[in-house]
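These are the residues of each chain, in order.
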Amino acid sequence: MNDQLQPLKKQPRAGKAGRSGTQDDIVYAHIFEAILEQRLAPGTKLSEEALGEIFGVSRTIIRRALSRLAHEGVVLLRPNRGAVVASPSVEEARQVFLARRLVERAITELAVQHATAEQIAELRQMVNDERDSFSRGDRGAGIRLSGEFHLKLAEAAKNAPLISFQRSLVSQTSLIIAQYESGNRSHCSYDEHTQLIDAIEKRDGELAVNLMMHHMDHIDSKLNLDEESASDDLHAVFSHLLQTKKPGRPAAKL
């Protein structure tokens, strides 16, 4: 059994991406999470050898996980050159944000119609967790929870294709923000999220859509071409998985 990663499967942190399932499910979840938290820089080379060492699995498992991430548009698989984290161009970023606006509008309209009291309560809890993360200085967790809020909202819309599309768009948006966001990177998304939940709970579709579009405007207004904050060091990004590895011993297997 995996002494290093088994506790992550048995005791995942609240709000974290699920780490149960097959070996490639677990690897996929960790990398997807690192992208949502903006810990992986756009353009980072995803060495199969390094990832295999980090996760203690074969290259075949790593390739399966990377293939899934490539399907979602956040990893590029380059023939004979290996995989890299996607690095969207300015035009690609504009296209993603346009698609995100259209999808968010549809999701919001449907969530107003279909969101249950339980789902609304879950959304409020996510906002509380997001606020707490930023308050204690855990920016990565706060950013991830902000993205997961939009995925949970998509679930409330009760439209399977939109959920799948939104998952890809949210992760691509996180890469774009990591690559292009300017200023002091202050975040007040939890306030905007709270207002949006209030409108959904009141079944006020027009207000909810307007709030969502304002939220997207706010994100868009903070982008430029200059700044990167994520890391291209795979061992640094996943260092928390290696802390319990003993010197002289191979990585524990998943």
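Along every chain, residues carry numbers that run from 1 in the direction the sequence is written. This being a predicted model, a pLDDT of at least 70 is required before a residue's local features are given, and a value of 80 or more before pairs of side-chain atoms are given or counted; all residues contribute to the totals for chains, interfaces and linings. In computing side-chain values, all of the structure's heavy atoms are included and hydrogens and water are not.

**Structural notes on the packing of aromatic side chains**
Reasoning step 1: Each pair of aromatic rings taken from Phe, Tyr and Trp, with Trp reduced to its six-membered ring, is defined by centres within 6.5 Å and is described as stacked if the planes are under 30 degrees apart, edge-to-face if over 60, and tilted in the remaining cases. The tally for this structure, following the rule as stated, stands at two aromatic pairs.
Reasoning step 2: Aromatic pair Y28 and F32: ring centres 5.8 Å apart, planes at 20°, arrangement stacked. Remark: F32 and Y28 occur in helix α2 (residues 23-36); sequence separation between them is four residues, near one turn of the helix.
Reasoning step 3: The classification of residues rests on relative accessible area computed with a 1.4 Å probe and restricted to protein chains. Under 20% of the type maximum is buried, over 50% is exposed, and intermediate values are partly exposed. Look at Y28 and you get buried, because its relative accessible area is 5%.
Reasoning step 4: Ring geometry for F134 and Y190: centres 6.1 Å apart, planes at 40°, overall tilted. Here the residue F134 occupies a position in helix α6 (residues 117-135), and Y190 occupies one in helix α9 (residues 189-201), the gap between them amounting to 56 residues. In terms of burial, F134 and Y190 fall into one category: buried.
Reasoning step 5: A ring has a charge above it when a Lys NZ or an Arg CZ is no more than 6 Å from the ring centre and no more than 35 degrees off the ring normal. Lying across the ring of Y28, R68 places its NZ or CZ 4.0 Å from the centre.
Reasoning step 6: Here the guanidinium or amino end of R167 rests over the ring plane of F32, the centre of that ring lying 3.9 Å away. What counts as a helix is a DSSP run of H or I of at least four residues, what counts as a strand is a run of E of at least two, and both are numbered from the N terminus.

**Quick notes on unusual backbone geometry**
Reasoning step 1: A positive phi angle is found at N80, which is not glycine, with a value near 65°.
Reasoning step 2: Among the structural elements, N80 can be located in the loop between β2 (75-78) and β3 (82-85).
Reasoning step 3: For R203, which is not glycine, the phi torsion reads 60° and is therefore positive.

**Details of the pattern of salt bridges**
Reasoning step 1: One side-chain nitrogen of Lys or Arg within 4 Å of one carboxyl oxygen of Asp or Glu is enough to make a salt bridge. One pass over the structure, following the stated rule, counts 18 salt bridges.
Reasoning step 2: With its nearest N and O atoms 2.6 Å apart, the salt bridge here joins R68 to D25. Of this pair, R68 sits in helix α4 (residues 59-71) while D25 is found in helix α2, placing the two residues 43 residues apart along the sequence.
Reasoning step 3: A residue is classified by how much of its surface remains accessible, and D25, at 23% relative accessible area, is partly exposed.
Reasoning step 4: For D217, the salt bridge identified is with R101, shortest N-O distance 2.5 Å. Here D217 is found in helix α10 (residues 205-220), whereas its partner R101 is found in helix α5 (residues 90-114), with 116 residues between them in sequence.
Reasoning step 5: On the accessibility criterion, D217 (39% relative accessible area) is partly exposed.
Reasoning step 6: The network of salt bridges with common partners includes E37, R39, R144 and E148.

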